[in-house]
Structure formats: C-alpha cells, structure tokens
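# Overview (structure and organization)
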Amino acid sequence: MSGKGQARHRRLGRALILAGVAVWVPYALLELAGADPRLEAFLPFHLAGVIPGAILSRWDQLRGLLRRLRGG
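Our subject in this report is the structure included herewith. Just so we're clear, the structure is a prediction, and the values are computed from it rather than from any experiment.

Our focus in this paragraph is the side chain of Ser 57. Along the chain, Ser 57 falls in helix H3 (residues 39-57). Here Ser 57 is in contact with His 9, Arg 10, Gly 13, Arg 14 and Ile 17, once residues within four sequence places are set aside.

Below, the structure is given as structure tokens:
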C-alpha cells in the first residue's frame, strides 16, 4: 500500500482509539458529580472505537503477517 494509504489508516485508527477512550470522560464526570453511571452504557462505545482503531492503525503489519502465514 502507498505511504498515503498507510498514513491514512494510522490516522483513522488513532482517531478511533482516541474516540473510544474519550467515552470515559463523561463517565468520569458523572461519577464525580455523584451520579451512578452504568458501565454497560459506556463500554460498547469504548470497544466500538478501540478495537477497530487498533486493527486499522496496525493494518499493514497485520496484512503482512496474514500474507506470511498463508505462505504468499
């Protein structure tokens, strides 16, 4: 993949990770304000950002690993 494509994947992946981690800011604010936020309401959004972000930011490494494992 070209350098631009690699950089785009890394940028998008990091943005998704940041968005997934940022989900905990409102959770912490609610917790500090004395509310009782439910973990189950925040965790899916966290995981929806972090997991695809981690895959995208390392896409070229993962693709190379899969290519080597297939023998091609």
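Okay, the packing of helix H1 (residues 3-22) against H3 next. At a minimum axis distance of 7 Å, the contact between H1 and H3 shows a crossing angle of 160°. Compared by their axis directions, H1 and H3 come out roughly antiparallel. Crossing of H1 over H3 shows left-handed handedness. Side by side, H1 and H3 meet where His 9, Arg 10, Leu 12, Gly 13, Arg 14, Leu 16, Ile 17, Gly 20 and Val 21 of the first sit next to Phe 45, His 46, Gly 49, Val 50, Pro 52, Gly 53, Ala 54, Leu 56 and Ser 57 of the second. Looking at the contact of H1 with H3 residue by residue, the classes come out as nine nonpolar, seven polar and two charged.

Moving on, we get to the side chain of His 46. Relative to the assigned elements, His 46 resides in helix H3. At a separation of 2.9 Å, a polar atom in the side chain of His 46 contacts the side chain of Trp 24. Sequence-distant contacts of His 46, that is, excluding residues within four places in its chain, are made with Gly 20, Val 21, Val 23 and Trp 24.

In the structure shown here, the tally under the stated rule is three aromatic pairs. Pairing Tyr 27 with Phe 42 gives two aromatic rings, centres 5.2 Å apart and planes at 75°, and the pair type is edge-to-face. One end of the pair, Tyr 27, is in helix H2 (residues 24-32); the other, Phe 42, is in helix H3, with 15 residues separating them in the sequence. One aromatic cluster in this structure is built from Trp 24, Tyr 27 and Phe 42.

Reading guide: rules and limits
Residues numbered from 1 in each chain as written. Predicted model: local features only at pLDDT ≥ 70, side-chain atom pairs only at ≥ 80, totals over all residues. Heavy atoms only, no water. Helix = DSSP H or I, 4+ residues; strand = E, 2+ residues; numbered from the N terminus. Contact = heavy atoms within 4.5 Å. Axes fitted to C-alpha atoms, helices over the stretch in contact; angles between N-to-C directions. Parallel < 35°, antiparallel > 145°, perpendicular 65-115°, else oblique. Left-handed = near helix turned anticlockwise from the far one by under 90°. Nonpolar A, V, L, I, M, F, W, Y, C, P; charged D, E, K, R; others polar. Polar contact = N/O pair within 3.5 Å; in protein donor to acceptor, adjacent residues only side chain to side chain. Phe/Tyr/Trp six-rings, centres within 6.5 Å; stacked < 30°, edge-to-face > 60°.

Take it as geometry only, folks, not as evidence of what the structure does.
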